[in-house]
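Geometric and topological summary
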Amino acid sequence: MDSETNNNKRLVFKTDFGLCAILYREGPFRAVGVLLPRASEAELFACADEQAWGAPGTHPKARSMAEAIRAYFAGGIEEASWPPWEWLDFGRLTDLERRVLSATARIPLGRTLSYKQLAENAGCPRAYRFVGTVMAKNPFPVIIPCHRVVRSDRTVGKFGGGPEMKRKMIEMEALFASRTDHCQK
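Below you will find a few notes about this structure. Model, not experiment: these values are computed from the prediction.

1. Considerations on the nonpolar core
Ile22, Met65, Leu118 and Met135 are the most contacted members of the largest nonpolar core, which totals 46 residues. Only strand S1 (9-15), strand S2 (18-25), strand S3 (30-38), helix H3 (60-73), helix H4 (95-105), helix H5 (115-121), helix H6 (128-137) and helix H7 (163-184) provide two or more residues apiece to this core. Looking at which element gives the most residues to this core, the answer is H3, with six residues. Leu23, Leu35, Leu44 and Phe45 belong to the second largest nonpolar core, which has seven residues in total.

If you want it as structure tokens, here you go:
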């Protein structure tokens, strides 16, 4: 285990969709990953590299991220205050992977893009399979909304939390966006 991973901490918290976790390092604070909701802690950490789990922690910035994710999964999308990018550790990603994640973060709430459309938005129009790989490895699901990326035929495709969770997240966001659009008219 290298010195980076043995300094990791974890904050496990409950959401309406199940248990989630924020994996992070202190001094300075950097989130290294978000684990999507699962039914149990054992199931949650089966999805993560064991070395990345770290010791239990309660850093205020990790708690802030947890509250935003908790609010999101409770349907309080407008209450979800996503962390600044400076809190997220992109150090293990290539420039192209970062560019794809940045384009993903710009997908508006209540909208979806195909992998091909996202590849075009990221400036690599023929790399839609690469985009799919980046979505599968997204270290910050929910915060960077990879669930908004779907297949060209508009089916949900794969997702770390499973296709049913992805479908529910897309539907929840679409409902919120339609209510917001209606209220603004």
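2. Let's talk about unusual backbone geometry
A cis geometry characterises the amide bond from Gly27 onward to Pro28, with omega recorded as -5°. By secondary structure assignment, the location of Pro28 is in the loop between S2 and S3. Positive phi values are uncommon outside glycine, yet Val142 reaches one of about 80°. For Val142, the position within the fold is in the loop between H6 and strand S6 (149-150). By relative accessible area, which is 3% here, Val142 ends up buried. Even without being a glycine, Arg154 presents a positive backbone phi close to 75°. Inspection of the secondary structure puts Arg154 in the loop between S6 and H7.

3. Some words on the packing of aromatic side chains
Within the structure shown, the criterion is met by seven aromatic pairs. With centroids separated by 5.8 Å and ring planes inclined at 75°, the aromatic side chains of Phe29 and Trp87 adopt a geometry described as edge-to-face. Linking Phe29 in the loop between S2 and S3 with Trp87 in the loop between H3 and H4, this pair joins segments that are 58 residues apart in sequence. Classification of Phe29 by relative accessible area gives buried; the value is 4%. Centre to centre, the rings of Phe90 and Phe140 are 5.5 Å apart; their planes meet at 70°, and the pair counts as edge-to-face. On the criterion of sequence distance, the pair formed by Phe90 in the loop between H3 and H4 and Phe140 in the loop between H6 and S6 is long-range, its members being 50 residues apart. Accessibility assignment for this pair places Phe90 and Phe140 in one class, buried.

4. Concerning the pattern of salt bridges
One pass over the full model with this rule turns up six salt bridges. A salt bridge links Arg70 to Glu67; the nearest nitrogen and oxygen atoms lie 2.2 Å apart. Of this pair, Arg70 and Glu67 both sit in helix H3, three residues apart, roughly one helical turn. Two residues, Lys137 and Glu97, come together in a salt bridge whose shortest N-O distance is 3.0 Å. Remark: Glu97 occurs in helix H4 and Lys137 occurs in helix H6; sequence separation between them is 40 residues.

5. Details of the packing of H4 against H6
Relative orientation of the contacting elements H4 and H6 amounts to 80°, with a least axis distance of 10 Å. Here H4 is positioned roughly perpendicular relative to H6, judged by the angle of their axes. Here Leu96, Glu97, Val100, Leu101 and Thr104 of H4 come into contact with H6, specifically with Phe130, Val131, Val134, Met135 and Lys137.

6. Here we look at the pairing of S2
Among the eight residues that make up S2, eight are buried, leaving the element largely enclosed by the rest of the structure. Hairpin connection, S1 to S2: the antiparallel pair is bridged by two residues. Taken together, the six bridges between S2 and S3 define a ladder with antiparallel strand orientation. Bridging across to S3, Ala21 finds its partner in Leu35.

Conventions and cut-offs
Residues numbered from 1 in each chain as written. Predicted model: local features only at pLDDT ≥ 70, side-chain atom pairs only at ≥ 80, totals over all residues. Heavy atoms only, no water. Core = buried A, V, L, I, M, F, W, Y, C linked by side-chain atoms within 4.5 Å. Buried < 20%, exposed > 50% of the residue type's maximum accessible area, 1.4 Å probe, protein only. Helix = DSSP H or I, 4+ residues; strand = E, 2+ residues; numbered from the N terminus. Phe/Tyr/Trp six-rings, centres within 6.5 Å; stacked < 30°, edge-to-face > 60°. Salt bridge = Lys/Arg side-chain N within 4 Å of Asp/Glu carboxyl O. Axes fitted to C-alpha atoms, helices over the stretch in contact; angles between N-to-C directions. Parallel < 35°, antiparallel > 145°, perpendicular 65-115°, else oblique. Contact = heavy atoms within 4.5 Å. Pairing = 2+ DSSP bridges.

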